[in-house]
Amino acid sequence: MILNTGSRTDIPAFYSRWFYNRIKEGWVLVRNPYHQIQITRYILSPRVIDAVIFCTKNPEPMLEGISALSVFDTFWFVTITPYGKDIEPFVPEKEMVIESFQKLSDITGCERMSWRYDPVFISETYTSDYHIRQFEKTAGMLKGYTKQCVVSFIDLYEKTKRNFPEAKNVTGSEQRYLIEAFGEIAEHNDLQIHLCCESSSLVRNRVDADGCMSKGVLERALGCRLNVPKKKMARSGCECLLGADIGAYHTCGHGCLYCYANYDRQTVEENMKQHDENSPLLIGHTGRDDQIKDAEQKTWKDEQINLFDLM
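Please read these numbers as outputs of a predicted model, since none were measured by experiment. (Residues numbered from 1 in each chain as written. Predicted model: local features only at pLDDT ≥ 70, side-chain atom pairs only at ≥ 80, totals over all residues. Heavy atoms only, no water.)

Colleague: Would you mind showing me how to read unusual backbone geometry here?
Modeller: Most peptide bonds take the trans form, and the phi angle of most residues other than glycine is negative. Cis geometry marks the peptide bond from D118 to P119; its omega dihedral reads 0°. Position of P119 among the secondary structure elements: in strand β6 (residues 113-120). Residue R206 is not a glycine yet carries a positive backbone phi of 70°. Following the sequence through the fold, R206 ends up in the loop between β8 (192-195) and β9 (207-208). A positive phi is found at H250, a non-glycine position, where the angle reads about 60°. As for its position among the elements, H250 is in the loop between β10 (224-226) and α9 (265-273). (Helix = DSSP H or I, 4+ residues; strand = E, 2+ residues; numbered from the N terminus.)

Colleague: It is not clear to me how the packing of aromatic side chains should be interpreted in this structure. Could you clarify?
Modeller: When we look at a pair of aromatic rings, we describe it by the centre distance and by the angle of the planes. The full count for this structure, using the stated rule, is 17 aromatic pairs. Taking the centre distance of 6.2 Å and the plane angle of 55° together, the rings of Y83 and Y258 count as tilted. Note that Y83 is positioned in the loop between β5 (74-79) and α4 (94-108) and Y258 in the loop between β10 and α9, a separation of 175 residues in sequence. The buried category is assigned to Y258, whose relative accessible area is 7%. (Phe/Tyr/Trp six-rings, centres within 6.5 Å; stacked < 30°, edge-to-face > 60°. Buried < 20%, exposed > 50% of the residue type's maximum accessible area, 1.4 Å probe, protein only.)

Colleague: Even after reading the chapter, I still don't get the layout of surface pockets, so can you show me in this structure?
Modeller: To locate leftover empty space, one rolls a probe as large as a water molecule over the atoms. Roughly 1000 Å³ of volume is contained in the largest pocket. Along the wall of the largest pocket there are 43 residues; nearest its centre are G6, S7, R116, D118 and Y260. Put simply, the parts of the chain that give the lining of the largest pocket at least two residues each are β4 (51-56), β5, β6 and β7 (148-153). For the lining of the largest pocket, a count of residues per class yields 23 nonpolar, 11 polar and nine charged. (1 Å grid on protein atoms, 1.4 Å probe; cavity = no way out; pocket = protein on both sides within 12 Å on 5 of 7 lines; lining within 4 Å. Points joined across faces, edges and corners; volume = space filled by probe spheres on them. Nonpolar A, V, L, I, M, F, W, Y, C, P; charged D, E, K, R; others polar.)

Colleague: How do you make sense of the packing of helix α5 (residues 128-142) against helix α7 (residues 172-188) when you look at a structure like this?
Modeller: What describes two packed helices is the angle between their axes and the distance between those same axes. α7 packs onto α5 with a crossing angle of 20° between their chain directions and a minimal axis gap of 10 Å. Here α5 is positioned roughly parallel relative to α7, judged by the angle of their axes. As α5 packs across α7, the resulting crossing turns out to be right-handed. Contacts between α5 and α7 involve S128, D129, H131, I132, F135, E136 and A139 from the former and E174, Y177, L178, A181, F182 and I185 from the latter. Of the residues that constitute the contact of α5 with α7, the class distribution is eight nonpolar, two polar and three charged. (Axes fitted to C-alpha atoms, helices over the stretch in contact; angles between N-to-C directions. Parallel < 35°, antiparallel > 145°, perpendicular 65-115°, else oblique. Left-handed = near helix turned anticlockwise from the far one by under 90°. Contact = heavy atoms within 4.5 Å.)

Colleague: I tried to follow the sheet that holds strand β11 (residues 291-294) on my own but got confused; where do I start?
Modeller: Strand order in this open sheet of three strands is β2-β3-β11, and the pairing throughout is mixed. Of all the strands in the sheet, just β2 (27-31) and β11 have a single pairing partner and so form its edges. Shown here is a sheet whose adjacent strand axes are inclined to one another by a mean of 30°, direction ignored. Relative to β11, strand β3 (residues 38-43) runs parallel, the two sharing four bridges. (Pairing = 2+ DSSP bridges.)

Colleague: Any chance you could explain the state of the cysteines here in plain terms?
Modeller: A disulfide bridge is the covalent bond that connects two cysteines by way of their sulfur atoms. This structure, assessed with the given rule, holds zero disulfides. C196 takes part in no disulfide bond, and the closest cysteine sulfur, belonging to C212, lies 4.2 Å away. (Disulfide = S-S within 2.5 Å.)

Colleague: Explain the nonpolar core here, please?
Modeller: Note that soluble globular proteins tend to have their nonpolar side chains buried in a common cluster. Counting residues in each nonpolar core, the largest one holds 85 residues, and the members touching the most others are F19, W115 and V151. With six residues, the single largest contributor to this core is α7. When sequence neighbours within four positions are dropped, the list of residues in contact with F19 reads T5, I11, V52, F54, M62, L69 and I246. (Core = buried A, V, L, I, M, F, W, Y, C linked by side-chain atoms within 4.5 Å.)

Colleague: Quick question: what am I supposed to make of α7 here?
Modeller: Given 3.6 residues per turn, any residue in an α-helix points the same way as the ones three and four places further on. In a regular helix each residue adds 1.5 Å, so 17 residues correspond to 24 Å; α7 covers 25 Å between its end C-alpha atoms and thus fits that length. Inspection of α7 places Q175, L178, I179, A181, F182, G183, I185 and A186 among the buried residues, and these make up the whole buried set. Against the buried residues of α7 lie β6, α5, β7, β8 and β9. (Expected span 1.5 Å × (residues − 1).)

Colleague: What's the story with the environment of S123 in this structure? I'm lost.
Modeller: Within the secondary structure, S123 is located in the loop between β6 and α5. With a relative accessible area of 27%, S123 lands in the partly exposed category. When the C-alpha positions of S123 and V170 are compared, they lie 9.6 Å apart, and in sequence the two are 47 residues distant. Within the structure, S123 has its side chain in polar contact with the backbone nitrogen of Y126 (distance 3.0 Å). (Polar contact = N/O pair within 3.5 Å; in protein donor to acceptor, adjacent residues only side chain to side chain.)

What follows is the structure, encoded as structure tokens:
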């Protein structure tokens, strides 16, 4: 199975000590965001977890104790965008994040690192040409530290429209202009761009729409075949394996205006105050009415076929 940590919050940036405590204990509890009394228990063992997926805007807090992850296969998505504090008020300076990305790549290997440049939106400040310049600059700094980049355009979810009312959809012509330029930059920096839930009409040299955390991406990173149950495949139109997420919504402290996972800043701050790094739950503790169920966990790796033997 694939254990995901990053679709609901940023665990490396804000909850790294909690996560390492859970690795030490060997299990974690996850509250169902839609049915709060339902809790799932996951065993944190490489016998049943084929890869731990991280998605973060700041991997630095994880680096000091990263030896605790040595028994697991990991895959890292690190988001580095061109936006300032007006859009991402609590994200660290980009230079620091890039340096952490490079350190992490040296530890894990570039094949298990992915740069996320998303979401892309256009404004008077963040024009198409500005995006192209910044994409080229960052791609050059990450050359040799990753071989892939995820790109998507802003989706105006209700939470996003409320927190970022001035945001607008990126037009088809703007998307084509940007992706054409990004593809050329990717060619020069040995990158493959994976579009995230975008039109296949944007596919071209060095740009695909096959998914950013798909079975194929993970197989190439892990070097083996994965026998993924059909029921574990993601939502319609997306090939990514997004299930088994141990995070919680409304708990990410970055404060990005475009965020789809946070309701508002006050809710986030209230939830973060309830975090206990020694609790099996990311936020709060279990109660007497909670219903705890063990997850169905088994390895998906096909150890008989090494992917590299087929290349």
